[in-house]
Amino acid sequence: MIEKYASVVGEQEIDGIVKIAEKLKGVSVLHVNSTKAGGGVAEILNRMVPLMKDLGINVDWKIIRGDSEFFNVTKSFHNSLQNGTGSLNDEQFKIYDKWQEINSTEVPLDYDVMFIHDPQPAGLVKYKKNNTWIWRCHIDISNPFPPVWKFLSHYVSQYKSMIVSVPSFGRDDLDIPQFVIPPSIDPLSIKNGFIHDVTVRRVLRKYEIDENKPIITQVSRFDRAKDPIGVIRAFKLTRAHVDSQLVYVGSPASDDPEGEIVYKEVVKEVGDEKDIHLLMLPAGSDLEINAFQRASAVVMQKSIKEGFGLTVSEAMWKQRPVIGGNTGGIPLQVIHGITGYLVDSVEGASHYMTFLLKNKEYGNVLGARAKEHVRQNFLITRELRDYLLTILYSMGK
Ligand code: UDP
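This structure is a prediction, so every number in the text was calculated from the model and none was measured.

Undergrad: With reference to specific residues and values, describe the side chain of Arg136.
TA: As for its position among the elements, Arg136 is in strand E4 (residues 132-136). Polar side-chain contacts of Arg136 include one of 2.5 Å to the backbone oxygen of Ile181. Residues contacting Arg136, with those up to four places away along its chain left out, are Phe115, Ile116, His117, Asp118, Ile163, Val164, Ser165, Ile181, Pro182, Pro183, Glu383 and Tyr387.

Undergrad: Could you give an account of the site of the ligand, with specific residues and numbers?
TA: Taken together, 17 residues form the shell around the ligand, and within it Gly40, Arg221, Lys226, Gly250 and Glu314 come nearest. Backbone polar atom of Ser251 to an oxygen atom of the ligand: 2.9 Å apart, as the coordinates give it. A distance of 2.9 Å separates an oxygen atom of the ligand from a polar backbone atom of Leu310. For the ligand, whose unbound accessible area comes to 540 Å², protein coverage reaches 89%. For the shell around the ligand, the element with the highest residue contribution is helix H11 (residues 310-317), accounting for three residues.

Undergrad: Pulling in residues and values, what's your account of helix H6 (residues 146-156)?
TA: Here H6 has its buried residues at Val148, Trp149, Phe151, Leu152, Ser153, Tyr155 and Val156. Of the surrounding secondary structure, the elements contacted by the buried residues of H6 are helix H4 (68-83), helix H5 (90-106), E4 and strand E5 (161-164).

Undergrad: Which residues make up the pattern of salt bridges, and what values go with them?
TA: Per the stated rule, a full pass over the model turns up 27 salt bridges. For Glu13, the salt bridge is made with Arg385, and the minimal N-O distance between the two is 2.9 Å. A residue pair is termed long-range when its members are at least 10 positions apart, and Glu13 in helix H2 (residues 11-22) and Arg385 in helix H15 (residues 380-395) qualify at 372 residues. The exposure class assigned to Arg385 is partly exposed, which follows from its relative accessible area of 25%. As a salt-bridge pair, Asp256 and Lys75 come within 3.3 Å of each other at their nearest N and O atoms. With Asp256 in the loop between strand E8 (245-250) and helix H9 (259-270) and Lys75 in helix H4, this pair connects stretches of sequence that are 181 residues apart. On the basis of relative accessibility, which here comes to 10%, the residue Asp256 falls in the buried class. In this structure, a network of salt bridges that share partners links the residues Lys213, Arg239, Asp243, Glu273 and Asp275.

Undergrad: A description of a nonpolar patch on the surface should follow, citing residues and the corresponding values.
TA: On the surface, Phe355, Tyr362 and Val365 cluster together to form a nonpolar patch covering roughly 220 Å² of accessible area. Topologically, Val365 is positioned in helix H14 (residues 360-377). For Val365, a relative accessible area of 35% gives the class partly exposed.

Undergrad: Now, about the packing of helix H8 (residues 228-239) against H9: what can you tell me, with residues and values included?
TA: One way to put it is that H8 packs onto H9 with a least axis distance of 9 Å and a crossing angle of 15°. With respect to each other, H8 and H9 are oriented roughly parallel. As H8 packs across H9, the resulting crossing turns out to be right-handed. On H9, the residues that touch Pro228, Ile229, Ile232, Arg233 and Lys236 of H8 are Val262, Glu265, Val266, Glu269 and Val270. In terms of residue class, the contact of H8 with H9 is built from six nonpolar, no polar and four charged.

Undergrad: Account for the pairing of strand E7 (residues 215-219), naming residues and giving values.
TA: Residues in a regular strand project their side chains so that they alternate between the two faces of the sheet. Among the five residues of E7, five are classified as buried, and the element is accordingly described as predominantly covered. With burial as the criterion, each face of E7 is covered, one bearing Ile215, Thr217 and Val219 and the other bearing Ile216 and Gln218. Bridge analysis of E7 against E8 gives five bridges, and the strand direction is parallel. In the sheet register, Gln218 faces E8, and the bridge partner there is Tyr248. Regarding topology, H8 serves as the crossover connection from E7 to the parallel E8, and that connection is right-handed. The sheet contact formed by E7 and strand E10 (residues 298-301) spans three bridges and is parallel. In the sheet register, Thr217 faces E10, and the bridge partner there is Val299.

Each value, and the rule that gives it
Residues numbered from 1 in each chain as written. Predicted model: local features only at pLDDT ≥ 70, side-chain atom pairs only at ≥ 80, totals over all residues. Heavy atoms only, no water. Helix = DSSP H or I, 4+ residues; strand = E, 2+ residues; numbered from the N terminus. Polar contact = N/O pair within 3.5 Å; in protein donor to acceptor, adjacent residues only side chain to side chain. Contact = heavy atoms within 4.5 Å. Near = heavy atom within 4 Å. Areas by Shrake-Rupley, 256 points an atom, 1.4 Å probe, with all protein chains shown as cover. Buried < 20%, exposed > 50% of the residue type's maximum accessible area, 1.4 Å probe, protein only. Salt bridge = Lys/Arg side-chain N within 4 Å of Asp/Glu carboxyl O. Patch = residues over 30% accessible without salt bridge, like charges linked within 9 Å, V, L, I, M, F, W, Y side chains within 5 Å. Axes fitted to C-alpha atoms, helices over the stretch in contact; angles between N-to-C directions. Parallel < 35°, antiparallel > 145°, perpendicular 65-115°, else oblique. Left-handed = near helix turned anticlockwise from the far one by under 90°. Nonpolar A, V, L, I, M, F, W, Y, C, P; charged D, E, K, R; others polar. Pairing = 2+ DSSP bridges. Right-handed = clockwise from strand over helix to strand, strands pointing away.

What follows is the structure, given as structure tokens:
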């Protein structure tokens, strides 16, 4: 399985990964997060876990459990860590702790390495045995709401090491080793692998999208941090100059209770606009997403806050020009004017949308550079190698 990637990243890279993995043969690793589907963490683990297994590592993946009260609390954590504001009280911290305790009796905690993703299960470390715990943080914690960070960092400081996605997310108030490992996409997955034009057109027809009108796409959960309203407003401004259509693809995530509310806000903003296709697809609609990204003249990821933004690399790998919000991990991927455009406003987004719709060839130039940038930096083989090295280091091997 790992050998298949040689055609994309070269034999040498694969050789390096296999050699590092040799040192971890027989080591047991458990990945723990809060959802099996929906969002970037599940997306990566779905591909990463089988690859680690293929390399001879004894790896498993478990999801923590929680009720709606718990996921409301963790969504508030998520928002207040990323936005620097919030209003959480002791009651909510207690709910968080209660579910850590419940999960500590259901999730096996005795693997050699416990790889804990994001804040939702971070408190499990309280129940750690004499093994190696690594906290993998996928969100922007550079400017957290102090009470929530104080609560969470008490747990994080008990880990052997921590991983963030972007250098600026590193914390100088923690004593544990911190690694910067940007996330990655799998070039051989159904979502990102090559598909024929015929398939792309078939998907467009299935969703009644005009093949002959330029398409602007954003693929995102219905989360205010992804600025769906801003995308729609930018599109409406653009459409006044260039005939085009917007495809906004979203799906629910079981650990995101705000999705439905935001979806309703989006429906209202769309109004009776015929050229906006608002699609709520079930999790696992990978072929459809692949097709929409490939069919697009422009791909948007107009986030206001973003951990990394896998959708950016997904589109760039398909040689599409991306307009991204200038935040979090997006500027690692989009180098302004070289591999896409970065924006801070609706007007800015509309400006570059219009430019790219009117200059398709230039979009292709950006797209070609974008693909090489992803090949060098954001493919799963690189993240896998970084994970293996972090495990080796954290275990003191
Ligand atoms: N995604 C999807 N269907 C959707 C919306 C998103 O499959 O309707 C996928 C998207 O293609 C990407 C991941 O979910 O692989 C989202 O990851 P990202 O890092 O962009 O954002 P997150 O949701 O983790 O904040």
